[in-house]
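Working through the structure, step by step
Listed below are the residues making up each chain.
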Amino acid sequence: MSVDRSYSPYEVIRAYHDRGMMKWSAFATGELTEAQNTFEKEKKMIRKFKLYHIM
């Protein structure tokens, strides 16, 4: 989708190209890393819990 910026008297505004989702990639990467770390911690806790109850 392209936005018509031909109304602007400024070349910089008319030539601007929105990067779309690229600008959110750093946020998404951080969020994914946090979720993976949480998942791994929970998985380790479950293993410890199971081992404790088996003994």
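So, here is what we can say about the structure in this document. Along each chain, residue indices are assigned from 1 in the same order as the chain's sequence is written. In view of the model being predicted, local features appear only for residues whose pLDDT reaches at least 70, and side-chain atom pairs are presented and counted only at 80 or more, with totals across whole chains, interfaces and linings using the full set of residues. Where side-chain values are given, they derive from all heavy atoms of the structure, hydrogens and water being excluded.

**Things to note about the pattern of salt bridges**
Take a side-chain nitrogen of Lys or Arg and a carboxyl oxygen of Asp or Glu: if they are within 4 Å of each other, that pair is a salt bridge. Using the criterion set out here, one finds two salt bridges in the structure. Two residues, R14 and E11, come together in a salt bridge whose shortest N-O distance is 2.7 Å. Of this pair, R14 and E11 both sit in helix α1 (residues 11-15), three residues apart, roughly one helical turn. For K43, the salt bridge goes to E40, with nearest N and O atoms at 3.5 Å. Helix numbers and strand numbers start at the N terminus; a helix is a DSSP run of H or I with at least 4 residues, a strand a run of E with at least 2.

**A word on a nonpolar patch on the surface**
Exposure above 30% relative accessible area and the absence of a salt bridge qualify a residue for a patch, where like charges join within 9 Å and nonpolar side chains (Val, Leu, Ile, Met, Phe, Trp, Tyr) within 5 Å. Per-residue and other accessible areas were derived by the Shrake-Rupley procedure at a 1.4 Å probe size, with only the shown protein chains allowed to occlude residues. There is a patch of nonpolar side chains on the surface, built from Y7, Y10 and I13 and spanning about 390 Å² of accessible area. By the element assignment, I13 lies in helix α1. Remark: exposure states derive from per-residue accessible area (1.4 Å probe, protein chains only) relative to the maximum for the residue type, with buried under 20%, exposed over 50%, and partly exposed in between. Among the residues examined, I13 registers a relative accessible area of 35% and is labelled partly exposed.

**A closer look at the side chain of R5**
By the element assignment, R5 lies in the segment before α1. In this structure R5 comes out as buried when scored by relative accessible area, which is 18%. Under this definition, polar contacts are N or O atom pairs within 3.5 Å; protein pairs additionally need one hydrogen-donor-capable and one acceptor-capable atom, and for neighbouring residues in sequence, both atoms have to be side-chain atoms. A polar contact of 3.4 Å, which involves the side chain of R5, links it to the backbone oxygen of Y16. We call two residues contacting when some pair of their heavy atoms lies within 4.5 Å. Excluding residues that lie within four positions of it along the chain, R5 makes contacts with I13, R14 and Y16.

**Here we look at the side chain of S8**
Relative to the helices and strands, S8 is located in the segment before α1. Taking the relative accessible area as the measure of exposure, S8 reaches 4% and is therefore buried. Engagement of the side chain of S8 in a polar contact is seen with the backbone nitrogen of Y10, the distance being 3.1 Å. With residues up to four places along the chain from it excluded, the contact list for S8 reads I13 and R14.

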